[in-house]
Amino acid sequence: MVERKLLEEGYFVMPDAAHRRPRLVGSYSAQADEHFFPRRKRCPITFGPVEDRLLSDEGVLYSWTWIENMRYGTMASAGEPHGVGQVDLPEGVRVQARLLGSKGDWEIGMPMVLDLLAVTTDQAGDELCTYAFRPKKEGD
Amino acid sequence: MAFGREVYVIGVGMHRISGAPTPVRDMAYDAGLNALVDAGIEFDTIGALYNGYAMAGMTTGVTLAKDFGLTGVPITHVENASATGSSAFREAVLSVAGGHARCAMALGFDPSPGAMMSGGGGGMSAMSASFFRPSVEGVILPAAFFALWAVRRMHEAGTTVETYAKIAAKNWNHARRNPYAQRQADHQITVEEVLGSTMIAYPHTSMMAAAVGGGAACAIVADRELAEQVHDRTGHPLVQVVSSRSESERYTPGHIFMGAVVGPSELTRTTSRAAYEEAGIGPADLDLVHVHDAFPVEELLYYELLGICGAGEGDKLVAEGATEIGGRIPFSTDGGLIGRGHPVGPTGLAQIWDTTIQLRGEAGDRQVDGARNGLAHMMGAGSVCIVHILRRR
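These remarks concern the structure in this document. Values in this document were obtained by computation on a predicted structure and should not be read as measured data.

Thresholds applied
- Residues numbered from 1 in each chain as written.
- Chains lettered and ligands numbered in written order.
- Predicted model: local features only at pLDDT ≥ 70, side-chain atom pairs only at ≥ 80, totals over all residues.
- Heavy atoms only, no water.
- Helix = DSSP H or I, 4+ residues; strand = E, 2+ residues; numbered from the N terminus.
- Pairing = 2+ DSSP bridges.
- Axes fitted to C-alpha atoms, helices over the stretch in contact; angles between N-to-C directions.
- Contact = heavy atoms within 4.5 Å.
- Salt bridge = Lys/Arg side-chain N within 4 Å of Asp/Glu carboxyl O.
- Buried < 20%, exposed > 50% of the residue type's maximum accessible area, 1.4 Å probe, protein only.
- Core = buried A, V, L, I, M, F, W, Y, C linked by side-chain atoms within 4.5 Å.
- Buried area = accessible area lost by both parts, 1.4 Å probe.
- Polar contact = N/O pair within 3.5 Å; in protein donor to acceptor, adjacent residues only side chain to side chain.
- Nonpolar A, V, L, I, M, F, W, Y, C, P; charged D, E, K, R; others polar.

Here we come to unusual backbone geometry. The peptide bond linking A:Phe37 to A:Pro38 adopts the cis configuration, its omega dihedral lying at -5 degrees. With an omega dihedral of 20 degrees, the bond running from B:Gly382 to B:Ser383 counts as a cis peptide bond. Counting through the fold element by element, B:Ser383 comes out in the loop between strand 10 (373-380) and strand 11 (384-392). At A:Phe47, a position not held by glycine, the phi torsion is positive, near 70 degrees. At B:Ser332, a residue that is not glycine, the phi angle is positive and equals roughly 55 degrees. Inspection of the secondary structure puts B:Ser332 in the loop between helix 12 (314-320) and helix 13 (336-339).

This next bit is on the sheet that holds strand 2 (residues 48-52) of chain B. Two modes of strand pairing occur in sheets, parallel and antiparallel, and in both the strands are linked by backbone hydrogen bonds. Residue and element names in this part refer to chain B. With respect to topology, nine strands assemble into an open sheet ordered 3-2-4-7-1-8-11-10-9, the strand pairing being mixed. Across the chains shown, the open sheet's two edge strands, defined by having one partner strand only, are strand 3 (75-78) and strand 9 (288-290). Strand-to-strand twist of the sheet, defined as the mean angle between neighbouring strand axes without regard to direction, takes the value 20 degrees. The sheet contact formed by strand 9 and strand 10 spans three bridges and is parallel. Bridge pairing in strand 10 links Val289 to Leu375. Here helix 10 (residues 266-279) sits on the sheet and contacts strand 8 (239-248), strand 10 and strand 11; the angle it forms with strand 8, its principal contact strand, is near 145 degrees.

Residue and element names in this part refer to chain B. In the structure shown here, the tally under the stated rule is 28 salt bridges over all chains. For Glu304, the salt bridge is made with Arg153, and the minimal N-O distance between the two is 2.8 Å. Taken as a pair, Glu304 in helix 11 (residues 296-305) and Arg153 in helix 6 (residues 142-157) lie far apart in primary sequence, 151 residues in all. Across the salt bridge formed by Arg269 and Glu266, the nearest N and O atoms sit 3.1 Å from each other. In this pair, Arg269 and Glu266 both sit in helix 10, three residues apart, roughly one turn of the helix. Accessibility expressed as a relative area gives 32% for Glu266, which makes it partly exposed.

Before going further, it helps to examine the environment of B:Ile389. Residues and elements named next belong to chain B. With respect to the helices and strands, Ile389 occurs in strand 11. What makes Ile389 buried here is its relative accessible area of 0%. In sequence terms Ile389 and His231 are 158 residues apart; their C-alpha atoms lie 20 Å from each other. Excluding anything up to four places from it in sequence, Ile389 contacts Gln240, Val241, Val242, Ser243, Ala275, Tyr276, Ala279, Ile281, Gly374 and Leu375.

Residues and elements named next belong to chain B. Residues Val289, Leu306, Ile308 and Ile389 are the most contacted members of the largest nonpolar core, which totals 68 residues. If you tally residues by element for this core, the top one is helix 6, at nine residues. Excluding anything up to four places from it in sequence, Leu306 contacts Thr268, Ser272, Tyr276, Pro283, Val289, Val291, Phe331 and Leu375. By size, the runner-up hydrophobic cluster in this structure holds 34 residues, among which are Val9, Val12, Ala104 and Leu390.

What follows is about the interface of chain B and chain A. Counting from both sides, the interface comprises 40 residues of chain B and, opposite them, 38 residues of chain A. Between chain B and chain A the total buried area reaches about 3400 Å² when both faces are included, carbon and sulfur atoms providing 67% of it. Among the residues chain B hides against chain A, the three largest losses belong to B:Val136, B:Leu148 and B:Phe257. Together they make up 19% of the total. Put simply, chain B and chain A have zero salt bridges between them. Our count for the chain B to chain A interface comes out at nine residue pairs in polar contact (both at pLDDT 80 or more). Here the side of chain B that touches chain A gets 10 residues from one element, more than from any other, and that element is helix 6 of chain B. Considering only residue class, the side of chain B that touches chain A consists of 29 nonpolar, eight polar and three charged.

All right, on to the pairing of strand 1 (residues 7-18) of chain B then. All names here are of chain B. With 11 of its 12 residues buried, strand 1 lies for the most part within the structure. Across nine bridges, strand 1 lies against strand 7 (residues 214-223) in antiparallel orientation. The partner of Gly13 across the bridge, within strand 7, is Cys218. Bridge analysis of strand 1 against strand 8 gives two bridges, and the strand direction is antiparallel. Its bridge partner lying in strand 8, Val9 is registered against Val239.

Shown next as structure tokens:
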């Protein structure tokens, strides 16, 4: 059976029995009362300590685009057309990430939820996943 | 920066930006020699050399400097992504302003993507491997990142796709008057053509995207005494660097630490304000402006962030044609990143080249009448913002 694994450690945690969605791992600065993502070594505002915090798995879409041709000048990357967006979490963190869905599925201001996106496989054939956002559906 | 000594641009030179696989050694020598000839000086007058390149390999700058001569000049490699050339220029300015050198050269060069793929660039293999390897922290291509700005702007201010296309068409058409520009259209580019080109990342089409090629550009700066000697010999009007400012990001609400190509747009506002203060002028005193117009939404936002117009009024400037050559405040007079091209290392120095010859009154059929003050702005991924203001004395 194909397993789903983290593409890289330290950015998010996989869904588990208590939480059906992945959650991002950020930092919290008590001195600044601010959250950051991804984790910071120390508070970029006060230079004080930060602690790890799991962030909300829902947010609001700030902006989006649909990438038809992944090129810049003559530099191109392989891959299918896909969406990218920025999502504001309730903690005040703005996250840039892949969007799940198709062109026309997204509107600025709509509620979004965190999900997984398989981007490659490892030598064992297991899926290596990153996080992505998709529009919140009824029942989510 | 406090200018300990006055600094002047005494020579500028270019090698045409293009997709040709010309070796960087040849392009850099061409641009550097053009600048030396423009200033009427020899290489032994140069007291410091700052090479700006992002894609050429280690030691390239020191190696190719041997083509100019072996004088013992201190040589430094500068890299700041898109703002590499601007950073090299700033280092040259600082070295003269601080009294470390009477005369300094900033030389920007980078190979075309074609040259890099064929092994002529040095750094592309490693760069491409890391750039496209799946990673959580992967940065999306600039076309997509600035498309996020563009879609948000449409939502907030009602900007239309046609406005973006009009800015891009303007810069394509400015480039038609620049013999060193990468994009040399054989006809006047229309808004319809821009809109009809290949969609890259909504709402950006291929004709809205910066042209990415190779090339070289050079600027030589000097103190007042040497600049006046050059003026007496060449007859070029004196062009003074009256401000050089650089900032990196400050924290802003909703700060994006991961995946952003550049930081908050606010960075342009704070850096330009500091530049205006240093120069003792305001945005109304400017006669021409160069910006990091990798995509038209950037130029639109920079109209406002540089204080050329109020918030939300940039669209009106475009509709009025105010930023075209002949308009109230021309932007990207050599075609900008969209038309002239964005070869990375040379880009900021190409801005200095055009600004200098505009202020001298030597820009031919793209000349801005009576130009006295010019501003050059660049963003570098990561990110940094660099602003220079030049003035004809």
